[in-house]
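Topology and contacts: notes
Chain by chain, the residues:
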Amino acid sequence: MVTWCKRHPIQFMALYLVFYLSFFTLLESSVVPTVILHCRLDDMIPFVKYAIIPYYLWFLWIVGTLFWQLYRAPKQEFWRLCLPLFAGMTLALMICAVIPNGVDLRPASIEGSDIFSQLVRGLWSADTSTNVCPSIHVFNSLTLDFAYQRSSLLTGRRGRAVRICARIMDISIILSTMLLKQHSVIDVVCGIVLAVAVDRVASAVSAELARRPAALPAEQPRAALERE
């Protein structure tokens with residue numbers, strides 16, 4: 001199975017996408033929140049419809065980063081991003097299944113017919129206020145940021161500029177989750193904690209694998225040795 005995944009990374013990502021969307025859809029349609037998350041900071045954060053731009057860019061940001069790593073970065077860097085990313089997303093869904101949660105932060109209505117208002121209304125009609133903690137938007141954004149900051153491709157002045165732009169993008173996405181009233185500050189903090197925890201585990205596993213001696217070549221058949 002591991003060998004197949006290494007040889008077929010695109011198929012592996014496609015299979016995980018099917019699994020994730022199926023799991024997420026099942027939670028959205030069947031789970032009733034028993035915990036409504038809210039804190040005082042949520043009431044201090046204004047609703048900003050323009051935050052829909054970085055919120056939606058999150059989808060392209062994930063796909064673009066994964067394929068950039070797959071085709072340009074060393075393979076170990078691609079898997080160093082891909083596996084923790086998928087593991088954390090799965091953990092987040094499992095947490096929501098065990099502790100059904102949601103938020104009640106959205107305004108009663110959005111005035112205006114501009115493109116931003118329409119996009120927000122479309123988001124709210126397609127995505128309920130449930131299964132929010134830990135925030136997968138936040139977890140993914142921070143995990144992507146870790147990958148950009150450690151990338152061996154981003155060296156020199158140009159690489160530093162890319163890393164700064166990536167961080168701005170990731171911070172914008174994280175802020176958008178609260179500015180659109182999609183997530184509570186609690187969800188964001190939990191998403192950050194999950195990202196840091198998964199990244200540290202992945203770093204520990206990578207370090208352990210690096211310390212292991214390389215596998216010895218397979219012993220030659222006796223007949224081949226006799227011919228020599």
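Okay, so let's go over this structure. No experiment lies behind these values; they were computed from the predicted model shown.

A word on the packing of aromatic side chains
- Counted under the stated rule, the structure contains 15 aromatic pairs.
- Ring centres of Y50 and F116 lie 4.9 Å apart, and the angle between their planes is 70 degrees; on these two criteria the pair is classed as edge-to-face. With Y50 in the loop between α3 (40-44) and α4 (52-72) and F116 in helix α6 (residues 115-126), this pair connects stretches of sequence that are 66 residues apart.
- By relative accessible area, Y50 is classed as partly exposed at 47%.
- Where W61 meets Y148, the ring centres are 5.1 Å apart and the plane angle is 10 degrees; that geometry is what we call stacked. Placement of W61 in helix α4 and of Y148 in helix α7 (residues 136-150) is noted, with a sequence separation of 87 residues between them. Take W61 and Y148: they sit in the same class, and that class is buried.
- Through successive ring pairs, a cluster of aromatic residues spans F12, Y16, F19, Y20, F23, F24, F78, W79 and F86.

Thoughts on the side chain of S135
- By the secondary structure assignment, S135 is in the loop between α6 and α7.
- Not counting residues up to four positions away in its chain, the partners in contact with S135 are T177, H183, D187 and G191.

Considering the environment of F86
- Looking at where F86 falls in the secondary structure, it is placed in helix α5 (residues 75-98).
- The class of F86 is buried, set by a relative accessible area of 9%.
- C-alpha of F86 to C-alpha of Y20: the two residues are 66 residues apart in sequence and 8.8 Å apart in space.
- Other than its neighbours up to four places away in sequence, F86 contacts F12, M13, Y16 and L66.

With respect to the environment of A166
- Relative to the helices and strands, A166 is located in helix α8 (residues 156-179).
- Between the C-alpha atom of A166 and that of R211, which follows or precedes it by 45 residues, the distance is 31 Å.
- For A166, the residues in contact, after removing those within four places along its chain, are W61, D145 and Y148.

Conventions and cut-offs
- Residues numbered from 1 in each chain as written.
- Predicted model: local features only at pLDDT ≥ 70, side-chain atom pairs only at ≥ 80, totals over all residues.
- Heavy atoms only, no water.
- Phe/Tyr/Trp six-rings, centres within 6.5 Å; stacked < 30°, edge-to-face > 60°.
- Helix = DSSP H or I, 4+ residues; strand = E, 2+ residues; numbered from the N terminus.
- Buried < 20%, exposed > 50% of the residue type's maximum accessible area, 1.4 Å probe, protein only.
- Contact = heavy atoms within 4.5 Å.

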